[in-house]
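# Breakdown of the fold
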Amino acid sequence: MLQVLACGAVVFPGLFFAFRKILPCVFKHWSDADVVLVSERLVSSIHAVMATTVGVIVASSCRENVINDRHWLATYFIIWYGGPYMTYDIFAMYLSHYHRFRVKGHEDYKRHSLKTVNSFVHREFLLVLHHIALLTILLPVTLFCRSDQGDFFVGCLFLTELSTPFVSLGKIFIQLSLQECWLHKANGGMVLLTFLLFRIAVFPYMYWVYGRHYGIPLYSVPFHLPLSINLGNLCILAPQVYWFVLLCRKGYRLYRRSRMPDSPPASTVTDNSKDD
């Protein structure tokens, strides 16, 4: 079991460390904050591709009987990579926060301290809470409280990671000063589309599939499920809706700015959003 747990615990910090060593050799003008941010985003994208691939495999393998069909990846990917990644990502987000403010010259960021940690938690409270909730609630429920049922729905939850590479790519475009490139604008559209489909619409879709399995209408499904399941889904969905609204506002400001003559370079749709 320790060898299994070590997979993600070694892979993600190892990739992060490797990117932090390689990127300064390629982009010599980047600051520590730039290198840490892009390294974090690259590792997030790699995890997202892995999770999405597992989600496609699990969901497609279990679509005949969405309640009782099983696939070993639904459980073991969480043990091998899900839990270790969420733990690593909290630390990586803190490093990104720390180096960003250190480069700006903030006095409190000359060294790591409890004050810098508190500042990080305060500024990124929703993201930190999201990660902790996944570690302490979703992970135990997925591993121990499903009675070996519902692998299809676990696969659907893995698919929520599909938007992450596009969000990360937006940040990387900024670091490369490609804000005005058509690829950056197209990527912003993909951020909104994948976020809407795979982080929001996937929840009513799962309720619809559950209702179809039992032959009940969609509006009756919440009353057919335990309250804890509905509350858990709501806790996962609520921050996704909040972040999607922020993305839409950012996208609208970007559109308005692009219509103005002599407007300054616009920032990406993904500036203030980081998805898991």
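Criteria and cut-off values
- Residues numbered from 1 in each chain as written.
- Predicted model: local features only at pLDDT ≥ 70, side-chain atom pairs only at ≥ 80, totals over all residues.
- Heavy atoms only, no water.
- Core = buried A, V, L, I, M, F, W, Y, C linked by side-chain atoms within 4.5 Å.
- Buried < 20%, exposed > 50% of the residue type's maximum accessible area, 1.4 Å probe, protein only.
- Helix = DSSP H or I, 4+ residues; strand = E, 2+ residues; numbered from the N terminus.
- Contact = heavy atoms within 4.5 Å.
- 1 Å grid on protein atoms, 1.4 Å probe; cavity = no way out; pocket = protein on both sides within 12 Å on 5 of 7 lines; lining within 4 Å.
- Points joined across faces, edges and corners; volume = space filled by probe spheres on them.
- Nonpolar A, V, L, I, M, F, W, Y, C, P; charged D, E, K, R; others polar.
- Axes fitted to C-alpha atoms, helices over the stretch in contact; angles between N-to-C directions.
- Parallel < 35°, antiparallel > 145°, perpendicular 65-115°, else oblique.
- Left-handed = near helix turned anticlockwise from the far one by under 90°.
- Phe/Tyr/Trp six-rings, centres within 6.5 Å; stacked < 30°, edge-to-face > 60°.
- Salt bridge = Lys/Arg side-chain N within 4 Å of Asp/Glu carboxyl O.

Going by an unreviewed UniProt entry, the protein carries the name TLC domain-containing protein and comes from Zoarces viviparus.

As a further point, take the nonpolar core. Core analysis: the largest hydrophobic core is formed by 51 residues, its most contacted members being F16, Y88, F152 and F153. Only α1 (2-26), α2 (32-61), α3 (72-103), α5 (125-144), α6 (151-158), α8 (182-200), α9 (202-214) and α11 (227-259) provide two or more residues apiece to this core. A per-element tally of this core places α3 first, with 14 residues. Discounting chain neighbours no more than four positions away, the residues touching F16 are V36, S39, E40, V43, Y88, A92 and L95. Formed by six residues, the second largest nonpolar core is a distinct cluster that contains W30, V35, L37 and V38.

This model, assessed by the stated rule, comprises two cavities of 30 Å³ or more. Lining the largest cavity are 23 residues; nearest its centre among them are M86, L134, L138, L157 and F158. Those elements giving two or more residues to the lining of the largest cavity turn out to be α2, α3, α5, α6 and α11. Examining the composition of the lining of the largest cavity, we find that six residues originate from one element, α5, more than from any other. Of the residues belonging to the lining of the largest cavity, the class tally is 13 nonpolar, seven polar and three charged.

This part covers the packing of α8 against α11. α11 packs onto α8 with a crossing angle of 165° between their chain directions and a minimal axis gap of 10 Å. Here α11 runs roughly antiparallel to α8, going by the angle between their axes. Both α8 and α11 take part in a crossing whose hand is left-handed. Within the contact between the two elements, α8 uses V191, L192, F195, L196, R199 and I200 and α11 uses L237, Q240, V241, W243, F244, L247 and C248. For the contact of α8 with α11, the class distribution of residues is eleven nonpolar, one polar and one charged.

Let us now look at the packing of aromatic side chains. In the structure shown here, the tally under the stated rule is 20 aromatic pairs. Look at F12 and Y85: their rings are 5.2 Å apart centre to centre, the planes differ by 70°, and that puts the pair in the edge-to-face class. Placement of the pair is F12 in helix α1 and Y85 in helix α3, with a sequence separation of 73 residues. The interplanar angle of 20° and the centroid separation of 5.3 Å between the aromatic rings of F101 and Y109 together place this pair among those described as stacked. By relative accessible area, Y109 is classed as buried at 5%. An aromatic cluster is defined as three or more aromatic residues linked by ring pairs; in this entry it consists of F12, F16, F77, Y81, Y85, Y88 and F158.

Turning next to the pattern of salt bridges. A complete count under the given rule lists five salt bridges for this structure. Among the ionic pairs, D151 bridges to R70, the shortest N-O distance being 2.9 Å. A residue pair is termed long-range when its members are at least 10 positions apart, and D151 in helix α6 and R70 in the loop between α2 and α3 qualify at 81 residues. Across the pair E107 and K110 runs a salt bridge, and its minimum N-O distance is 3.0 Å. Assigned by exposure class, E107 and K110 land together as exposed. Salt bridges sharing partners connect three or more residues here, namely R70, R146, D148 and D151.

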